[in-house]
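Next come the chains, spelled out residue by residue.
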There are 2 protein chains.
Amino acid sequence: MLLRKFGNRVLNKLDESLLTRLPPFSMLDRAQIRAILDQAASRRYDEGATVFGEGMPAERFHLLLDGTIRVIRTTPTGEQIIALHIGPGQLFGIAPALARDTYPATAVAAAESLALSWPVRLWPEFVQRYDGFATESYRTLGARLGEMQSRITELATQQVEQRVAACLLRMVNQSGRKVDQGIEIAFPVTRQNISEMTGTTLHTVSRLLSAWEREGIVESTRRRIVVTAPHRLVLLSGPAG
Amino acid sequence: MLLRKFGNRVLNKLDESLLTRLPPFSMLDRAQIRAILDQAASRRYDEGATVFGEGMPAERFHLLLDGTIRVIRTTPTGEQIIALHIGPGQLFGIAPALARDTYPATAVAAAESLALSWPVRLWPEFVQRYDGFATESYRTLGARLGEMQSRITELATQQVEQRVAACLLRMVNQSGRKVDQGIEIAFPVTRQNISEMTGTTLHTVSRLLSAWEREGIVESTRRRIVVTAPHRLVLLSGPAG
DNA sequence: TTCCGAATTTGCGTAAGAGCAAAGTGCCGC
DNA sequence: GCGGCACTTTGCTCTTACGCAAATTCGGAA
């Protein structure tokens, strides 16, 4: 894990080559990357730490280097729902891209994480000065929009079992890591979390996971989930899902 | 209704002053507007006509002048779900803004509609040449993203009655027109349509509307809905909704 | 005006999943 | 190594809203 190798203060040469591979910066040359990094602040977040809160003035935009960020919203009655997960290499909190002056959701570190950030005033500058930056950022946004659309469709038409299966698959695809028994979701997830992603209750999720464990589709310990038979989950996630 | 006044071929001076008020063009001067209009194609769509289909190559982006466009998605099993409604003055089908080369959803005229359109290759030009165009477009996109987020939250946490109430209110806000008895939704809506927006069945929607009609909250004829007591719908739509 | 089809209403049985309650179990810090 | 807390499991009941079926009505076209 990056955090262990590099600590949390200084950006060094390796970070540079790392950034070069990330979509938003993939089209830039070394000097440009250097200029961008010089203006960045880097910060480490403990698990559970809040990066920014819903409604707060959007002062900075962020790039996740390592870890996982959960973007959540809270309903008037206090229930939380998880909008999406951010993985390494993704921009987040990009309110300036949408001409917003306040964050529309809360971002919390789902696991120990490392992120860069820049003041929002630099956004237009990046867009103007760095070719491909805008395009790549908006491509990401488009993908995110598409994913949200899929979530809506899912919530509206599928039943709970299918939604939970799809949710596991999504997490596996986005941040699965290969282990002996199958593919492990790379960040801690509770039943409660899954219920907040799929619009159900932790009880129902628990029952489903228990059943799937009996059938050999998943293995789980507390807050860790390993999918041992992804193909069977695909079947469960629905027709042509 | 605009269509009756101007027909469907020629853009005239009145259109110009109309466009000036629309967000994407609000910051431009007369000459710029003229230039933009010169490159536009205008087209009329009958109710039910398809503007573009999901998966089709995105060749043009559109601006709705009059009417209502329904953006829908079809699930593998053939169910339709309505992603959002576009009202006059809004851009739609702006795949180029998200670096997509194919439309992510289908757009159908919910009522007789009039729209301008431009080839996608003009998008970068508009963004570059016309100050504020990009900002305003992305502001719209941000709002749309926020609305989708709300829909997800709603679907995940609220129950059917609240969702349907919220759905009616949303339509009333977006395209309500004042009539004697209250506020009428400006385009034809079936119970089926509402069920496709709220993730329920037409039966349940019908039952709810019947009940609300008995209580004097709405009045409806076939495909037309008038909300007579919006405040009571607000209460029904949930705590602090 | 009459007729047809689409849209709507309503009843009834039922399944899915929520809600409540309570017991169990791993994990972390001390 | 121990205690406590957070997370998990499981049983039971009950409500919601879905699914199916059938009757009804409205509105436009001929």
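Just so we're clear, the structure is a prediction, and the values are computed from it rather than from any experiment.

Draft legend 1. A look at the domain arrangement of chain A. Residues and elements named next belong to chain A. Considered domain by domain, chain A is made up of domain 1 (2-154) and domain 2 (159-236). Between domain 1 and domain 2, the contact holds 15 residues from the first and 11 residues from the second. Looking only at domain 1, the three residues that lose the most surface to domain 2 are Ile82, His85 and Glu154, adding up to 41% of its buried area. We note a salt bridge from arginine 223 to glutamate 47, for which the minimum N-O separation is 2.2 Å. The tally of links between domain 1 and domain 2 comes to six residue pairs in polar contact (both at pLDDT 80 or more). Per-element tally for the side of domain 1 that touches domain 2: the top contributor is strand β5 (residues 80-86), with five residues.

Draft legend 2. View of the interface of chain B and chain A. Each side of the interface is counted separately: chain B has 29 residues, and chain A has 29 residues. With both chains or domains summed, chain B and chain A bury close to 2,900 Å², and 75% of this area falls on carbon and sulfur atoms. The tally of links between chain B and chain A comes to zero salt bridges. Put simply, chain B and chain A have two residue pairs in polar contact (both at pLDDT 80 or more) between them. Every element with two or more residues in the side of chain B that touches chain A is listed here: β5 (80-86) and α5 (133-157) of chain B.

Draft legend 3. Expanded view of the packing of α5 of chain B against helix α6 (residues 160-175) of chain B. Residues and elements named next belong to chain B. Their axes nearest at 10 Å, the elements α5 and α6 cross at an angle of 160°. Taken together, the axes of α5 and α6 are roughly antiparallel relative to one another. Regarding α5 and α6, the two cross each other, and that crossing is right-handed. Only Arg163, Ala166 and Arg170 of α6 make contact with α5, whose side of the interface consists of Glu147, Arg151, Glu154 and Leu155.

Cut-offs used in this document
Residues numbered from 1 in each chain as written. Chains lettered and ligands numbered in written order. Predicted model: local features only at pLDDT ≥ 70, side-chain atom pairs only at ≥ 80, totals over all residues. Heavy atoms only, no water. Domains from an automatic or database assignment. Contact = heavy atoms within 4.5 Å. Buried area = accessible area lost by both parts, 1.4 Å probe. Salt bridge = Lys/Arg side-chain N within 4 Å of Asp/Glu carboxyl O. Polar contact = N/O pair within 3.5 Å; in protein donor to acceptor, adjacent residues only side chain to side chain. Helix = DSSP H or I, 4+ residues; strand = E, 2+ residues; numbered from the N terminus. Axes fitted to C-alpha atoms, helices over the stretch in contact; angles between N-to-C directions. Parallel < 35°, antiparallel > 145°, perpendicular 65-115°, else oblique. Left-handed = near helix turned anticlockwise from the far one by under 90°.

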